[in-house]
Protein chains: 2
Amino acid sequence: MRAATVRDGKVVVEEHPDPTPGAGECLVRVMAAGLNGADILQVAGRYPAPSGSPKLIPGMEIAGEVLSRGRGAKRFARGERVMAIVGGGGQAELAVVHERQLMPVPDNLGWAEAGGCPEVFATAYDALFTQGELTMGERLLVHGGAGGVGTAAIQLGRHAGAQVTATVRNPKLRDEVARFGATVIAPEDFVARGPYDVILELVGAENLKGNLESLATEGRIAVIGVGAGAKAPINLLVLMAKRGRIHGSMLRGRPLEEKAEVARLVERHVLPQLGAGTIQVPVAATFPLDRVADAYARFANGGKLGKIVVTMDEPGD
Amino acid sequence: MRAATVRDGKVVVEEHPDPTPGAGECLVRVMAAGLNGADILQVAGRYPAPSGSPKLIPGMEIAGEVLSRGRGAKRFARGERVMAIVGGGGQAELAVVHERQLMPVPDNLGWAEAGGCPEVFATAYDALFTQGELTMGERLLVHGGAGGVGTAAIQLGRHAGAQVTATVRNPKLRDEVARFGATVIAPEDFVARGPYDVILELVGAENLKGNLESLATEGRIAVIGVGAGAKAPINLLVLMAKRGRIHGSMLRGRPLEEKAEVARLVERHVLPQLGAGTIQVPVAATFPLDRVADAYARFANGGKLGKIVVTMDEPGD
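Residues numbered from 1 in each chain as written. Chains lettered and ligands numbered in written order. Predicted model: local features only at pLDDT ≥ 70, side-chain atom pairs only at ≥ 80, totals over all residues. Heavy atoms only, no water.

The relation between two aromatic rings is expressed through the spacing of the ring centres and the mutual angle of the planes. Applying the stated criterion across every chain, the model contains 2 aromatic pairs over all chains. When the centroid spacing of 4.9 Å and the interplanar angle of 40° are considered together, the rings of Tyr125 of chain A and Phe129 of chain A count as tilted. Note that Tyr125 of chain A and Phe129 of chain A are positioned in helix α3 (residues 118-131) at a spacing of 4 residues, about one turn of the helix. Of the two residues examined, Tyr125 of chain A and Phe129 of chain A, each falls in the buried class. For Lys304 of chain A, the ring lying beneath its charged end belongs to Phe299 of chain A, and the centroid distance is 4.8 Å. Here the basic side chain of Arg81 of chain B rests over the ring of Trp111 of chain B, its NZ or CZ set 4.6 Å away from the ring centre. (Phe/Tyr/Trp six-rings, centres within 6.5 Å; stacked < 30°, edge-to-face > 60°. Helix = DSSP H or I, 4+ residues; strand = E, 2+ residues; numbered from the N terminus. Buried < 20%, exposed > 50% of the residue type's maximum accessible area, 1.4 Å probe, protein only. Lys NZ or Arg CZ within 6 Å of the ring centre and 35° of its normal.)

Written out as structure tokens, the structure reads:
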């Protein structure tokens with residue numbers, strides 16, 4: 001099979017042996033695979049793949065068709081449309097995934113949307129609800145509202161009955177992000193527009209002081225990204241006085257049972273909305289596998305609304 | 001009534017008008033009132049009493065007898081032995097407390113023990129279980145294991161089936177603290193002796209780096225005291241990689257309904273152990289109200305095992 005491959009800090013396309021499914025696993029013909037910040041870090045050598053995952057092939061989420069099943073695998077039949085978070089190796093023509101990590105793809109989702117869906121919606125769902133315990137009527141702040149996780153979080157927050165505020169740096173994207181259901185503000189205004197019961201932090205530690213300052217009593221800060229910097233000073237007395245809490249989390253590196261649990265939560269709580277079209281997966285651009293390097297360059301440029309997705313040739317092309 | 005009173009950064013004894021109980025409140029003849037770190041901060045002018053509490057009279061916990069009841073108060077009869085966390089004003093001959101904040105005093109507890117019990121056990125219970133979700137078999141680290149909250153936390157952790165490690169700075173106290181059920185270590189050894197599922201931080205921010213380093217995957221840090229410093233740098237990527245969380249909390253300043261909820265939890269989960277004598281309230285020293293300044297000096301000196309308690313004259317003395 002052909003696959004995106006990390007070589008000397010760059011991403012190229014190379015031939016690899018076809019993988020074979022083990023017990024409980026499915027071999028998936030990948031049709032689309034979204035890009036995520038972790039892929040960029042992995043290509044730069046700053047974020048090694050978890051043990052047991054392909055080391056050289058990036059890609060943390062896929063959508064495609066079940067080609068064959070390993071011993072005991074029975075949740076999905078051959079030919080069924082599936083999508084999943086994977087530990088790596090997603091940006092390839094074939095991928096092997098445990099059936100407990102797979103989710104069905106709603107009929108109304110195209111391949112690019114499906115390929116850009118699992119990672120961001122699972123990440124946002126886990127951060128907002130499992131970690132942050134966001135509930136109806138609460139005030140949610142989403143930092144970086146225009147990105148894949150940001151647009152997912154805004155929609156999930158709104159559908160759960162929260163009042164959503166989102167920061168968007170690029171003024172050109174603010175109207176579009178507002179359509180997902182958020183009050184959109186410039187990043188420098190977020191403290192003044194608080195307080196917030198839940199803050200989704202996916203930008204960096206530079207926001208920590210402002211996050212604490214604008215946190216409501218018993219508020220929760222869910223940190224799921226620190227691309228702009230991981231280290232900052234913290235005043236624990238402020239956290240005590242607000243009786244607040246700070247969660248850190250990432251999906252990658254979790255054991256199979258926890259990834260499967262997240263997949264079940266997304267199936268139960270998010271897929272119905274995606275299937276009904278009330279929640280969308282915004283795709284900023286798609287690139288065929290041959291142009292995967294361009295996809296990474298586009299991702300790194302930023303200023304996009306939603307996902308960058310790598311698409312594979314249709315079978316028989 | 002006579003009461004400890006904050007005057008120019010010192011604590012003296014002065015006459016005050018007797019308080020009268022309002023609806024749902026009891027007037028309590030205080031027999032003993034424990035000292036806590038917050039009292040020291042309040043006397044120093046660094047921790048104002050919450051609104052609605054006596055401004056000049058320190059004291060966050062009391063034990064005594066119900067003298068009279070306001071309209072509608074019926075949980076306790078006149079003469080019953082009660083104890084409670086109060087927002088302030090505890091180190092006085094009389095105190096008015098809402099009956100939902102009061103707890104019964106187990107028969108086997110003396111006045112000094114009862115007066116030194118509510119704040120530390122409620123604080124430790126809330127931090128370990130409500131915030132930290134400590135459960136059987138987990139590894140608990142208690143920073144400052146020789147103090148009032150520390151000895152309470154060690155005993156609660158052990159009775160809940162946790163494996164408890166406690167830091168104690170004073171080598172002379174280590175054997176006594178170990179008897180409460182902890183593996184006692186020097187503060188500088190705590191990182192090497194990890195990992196820990198729950199860390200109770202009541203010393204200061206200086207421990208934050210080591211706490212994160214020695215935190216287990218999905219571990220929780222409960223910050224309930226920062227006497228040795230509130231500010232420190234934090235690396236949020238470490239918190240993400242461990243999928244950890246940091247809670248800040250304090251009991252003071254919570255509304256009545258939340259304080260009452262904590263009192264119900266202590267009644268249900270801690271009083272049976274105190275009543276059976278399987279959990280103790282270690283009292284390091286008692287001082288009569290006239291010598292309250294000495295009590296504060298003794299508290300500030302540190303190096304004590306358990307509580308410093310101010311005792312009032314027996315009625316009729």
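To continue, consider the pairing of strand β12 (residues 215-223) of chain A. Residue and element names in this part refer to chain A. A large share of β12 lies buried, amounting to 7 of its 9 residues. Here 5 bridges tie strand β11 (residues 196-201) to β12, and the two strands are oriented parallel to one another. Among the inter-strand pairings, Glu201 is bridged to a residue of β12, identified as Val223. Once the chain exits β11 it traverses helix α6 (residues 208-213) before rejoining the sheet at β12, and the crossover so formed is right-handed. Across 4 bridges, the pairing between β12 and strand β14 (residues 245-248) is parallel. Paired with Ala222 across the two strands is His247, which belongs to β14. (Pairing = 2+ DSSP bridges. Right-handed = clockwise from strand over helix to strand, strands pointing away.)

How big an interface is tends to be reported as the loss of accessible area on association of its parts. Taken together, the contact between chain B and chain A spans 30 residues of the former and 30 residues of the latter. Of the roughly 2500 Å² buried between chain B and chain A, counting both surfaces, carbon and sulfur atoms make up 67%. Per-residue buried area on chain B facing chain A is highest for Leu236, Met240 and Arg243 of chain B; these three make up 27% of the total on that side. For the pair chain B and chain A, the interface holds 2 salt bridges. Notably, a salt bridge pairs Arg243 of chain A with Glu258 of chain B, separated by 3.4 Å at the nearest N-O pair. The interface formed by chain B and chain A includes 9 residue pairs in polar contact (both at pLDDT 80 or more). Of all the elements in the fold, those that place two or more residues in the side of chain B that touches chain A are β12 (215-223), β13 (231-235), α7 (236-241) and β14 (245-248) of chain B. (Contact = heavy atoms within 4.5 Å. Buried area = accessible area lost by both parts, 1.4 Å probe. Salt bridge = Lys/Arg side-chain N within 4 Å of Asp/Glu carboxyl O. Polar contact = N/O pair within 3.5 Å; in protein donor to acceptor, adjacent residues only side chain to side chain.)

All names here are of chain B. Using the criterion set out here, one finds 4 cavities of 30 Å³ or more in the structure. Lining the largest cavity are Ile85, Gln101, Met103, Leu251, Arg254, Lys259, Val262 and Ala263. With 3 residues, the top contributor of residues to the lining of the largest cavity is helix α8 (residues 256-269). Among the residues making up the lining of the largest cavity, the classes are represented as 5 nonpolar, 1 polar and 2 charged. (1 Å grid on protein atoms, 1.4 Å probe; cavity = no way out; pocket = protein on both sides within 12 Å on 5 of 7 lines; lining within 4 Å. Points joined across faces, edges and corners; volume = space filled by probe spheres on them. Nonpolar A, V, L, I, M, F, W, Y, C, P; charged D, E, K, R; others polar.)

What follows covers helix α4 (residues 148-159) of chain B. All names here are of chain B. Taking 1.5 Å of rise per residue, 12 residues should cover 16 Å, and α4 covers 17 Å from first to last C-alpha, within 8% of that figure. For α4, the complete set of buried residues consists of Gly148, Val149, Gly150, Thr151, Ala152, Ala153, Ile154, Gln155, Leu156 and Gly157. For α4, the secondary structure elements touched by its buried residues are α3 (118-131), β8 (139-142), β9 (163-167), α5 (174-178), β11 (196-201) and β16 (307-311). A positive phi of about 90° marks Gly161, the residue just after α4. (Expected span 1.5 Å × (residues − 1).)

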